[in-house]
Amino acid sequence: NEIGIYEMQQGGLREVSNPSEILISQRDEALSGVSISATLEGMRPLLIETQALVSAAVYGTPQRNSNGYDAKRLNMLLAILEKKCGLRMGMQDVFVNIAGGLRVEDPGIDLSIVASIVSSYENMPIDNKICFVGEVGLSGEIRAVSRIEQRISEAEKLGFKTVYLSKFNKLPKSKIGLKLVEVGKLDEMLQFLFG
């Protein structure tokens, strides 16, 4: 599958057969600003944790910092949230991080980034059994992503119960053992999540 991940242990290196297990933190309490997305690394689907911290800007110009995610894309998503969803992001510091030190170029994690940002902004945690897959377009539409079946399969394998995805992804009529929430617009998804 093009990628091999190993973990250094006391007895030496051990192969991590399921890389998603080390890329998602284990939590015993619900935290705001955290969500899970299914991405692709080469041919291999991975579940990753996206984190965001939103707080009022105190030093004039708001900060926009991103680790592991394109800063220009982050600015675009913040503009969409402001214009299409009515969230006042203009005077907020926004920090985004992809856990595990990964650098992700896949636009299919946009939905997870937005969910993390709004979760932190509203200080409302997201259920840790929800996974997000979707690209966000400039008009706030949620666009289909490639190889959606593999992404859903990875989420199902790790015990997730719900996947938010674009209604424009055409899924085969195969048996899928988790709940799919198909949405077309960003504000529709945020209504489902945060009311």
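This one's a predicted model, so the numbers in the text were calculated from it and none came from an experiment. (Residues numbered from 1 in each chain as written. Predicted model: local features only at pLDDT ≥ 70, side-chain atom pairs only at ≥ 80, totals over all residues. Heavy atoms only, no water.)

Draft legend 1. Representation of the overall build of the chain. A count of helices and strands for the chain gives five helices and eleven strands. Against the 2.2 N^0.38 benchmark of 16 Å for 195 residues, the chain shows a C-alpha radius of gyration of 17 Å, consistent with a compact globule. Seen along its three principal axes, the alpha-carbon backbone of the chain occupies a region of about 50 × 45 × 30 Å. Across the 195 residues that make up the chain, the buried fraction comes to 47%. Put simply, of all contacts in the chain between residues at least 6 apart along the chain, 68% involve residues at least 24 apart. Both charge centroids of the chain, one from 22 positive and one from 24 negative side chains, sit 6 Å from each other. (Helix = DSSP H or I, 4+ residues; strand = E, 2+ residues; numbered from the N terminus. Rg over C-alpha atoms; globule rule 2.2 N^0.38 Å. Buried < 20%, exposed > 50% of the residue type's maximum accessible area, 1.4 Å probe, protein only. Contact = heavy atoms within 4.5 Å. Lys, Arg positive; Asp, Glu negative; His and termini not counted. Charge placed at Lys NZ, Arg CZ, Asp CG, Glu CD.)

Draft legend 2. Spatial organisation of the packing of helix α3 (residues 110–122) against helix α5 (residues 186–194). Contact pair α3 / α5: the axes reach a minimum separation of 11 Å and the direction vectors enclose 50°. Between α3 and α5, the crossing angle belongs to the class labelled oblique. Crossing hand, α3 versus α5: right-handed. Facing Leu111, Val114, Ala115, Val118 and Ser119 of α3, the residues of α5 in contact are Leu186, Met189, Leu190, Leu193 and Phe194. In terms of residue class, the contact of α3 with α5 is built from nine nonpolar, one polar and no charged. (Axes fitted to C-alpha atoms, helices over the stretch in contact; angles between N-to-C directions. Parallel < 35°, antiparallel > 145°, perpendicular 65-115°, else oblique. Left-handed = near helix turned anticlockwise from the far one by under 90°. Nonpolar A, V, L, I, M, F, W, Y, C, P; charged D, E, K, R; others polar.)

Draft legend 3. Fine view of the state of the cysteines. Following the criterion strictly, the structure yields zero disulfides and no others. Residue Cys85 stays outside any disulfide, its sulfur separated by 20 Å from that of Cys131, the closest cysteine. What makes Cys131 buried here is its relative accessible area of 0%. (Disulfide = S-S within 2.5 Å.)

Draft legend 4. Local environment of the pattern of salt bridges. Scanning all chains against the criterion turns up eight salt bridges. The shortest N-O distance in the salt bridge between Asp110 and Arg73 comes to 2.6 Å. In this pair, Asp110 sits in helix α3 while Arg73 sits in helix α2 (residues 71–85), placing the two residues 37 residues apart along the sequence. Through salt bridges that share partners, Arg73, Asp110, Glu135, Glu141 and Arg143 make up one connected network. (Salt bridge = Lys/Arg side-chain N within 4 Å of Asp/Glu carboxyl O.)

Draft legend 5. Expanded view of the packing of aromatic side chains. Tallied over the entire structure, the rule returns one aromatic pair. Aromatic side chains Phe132 and Tyr164 sit 5.3 Å apart centroid to centroid with 25° between the ring planes, which places their arrangement in the stacked category. Note that Phe132 is positioned in strand β7 (residues 130–133) and Tyr164 in strand β10 (residues 162–166), a separation of 32 residues in sequence. Both residues of the pair, Phe132 and Tyr164, belong to the buried class. (Phe/Tyr/Trp six-rings, centres within 6.5 Å; stacked < 30°, edge-to-face > 60°.)

Draft legend 6. The arrangement of the sheet that holds strand β4 (residues 44–56) in detail. On the basis of which strands lie adjacent, the open sheet formed by seven strands has the order β5-β6-β4-β3-β7-β10-β11 and mixed pairing. Each end of this open sheet is capped by a strand with a single partner; those strands are β5 (64–67) and β11 (179–183). Taking the axes of each pair of neighbouring strands and ignoring which way they run, one obtains an average angle of 25° across the sheet. As defined by bridge partners, strand β3 (residues 34–41) adjoins β7 across two bridges and the pair is classed as parallel. Bridging across to β7, Ile36 finds its partner in Cys131. Running at roughly 130° to β5, α2 makes contact with β5 and β6 (92–98) of the sheet. Across the sheet, α3 touches β3, β4, β6, β7 and β10, and the angle it forms with β4 is around 30°. (Pairing = 2+ DSSP bridges.)

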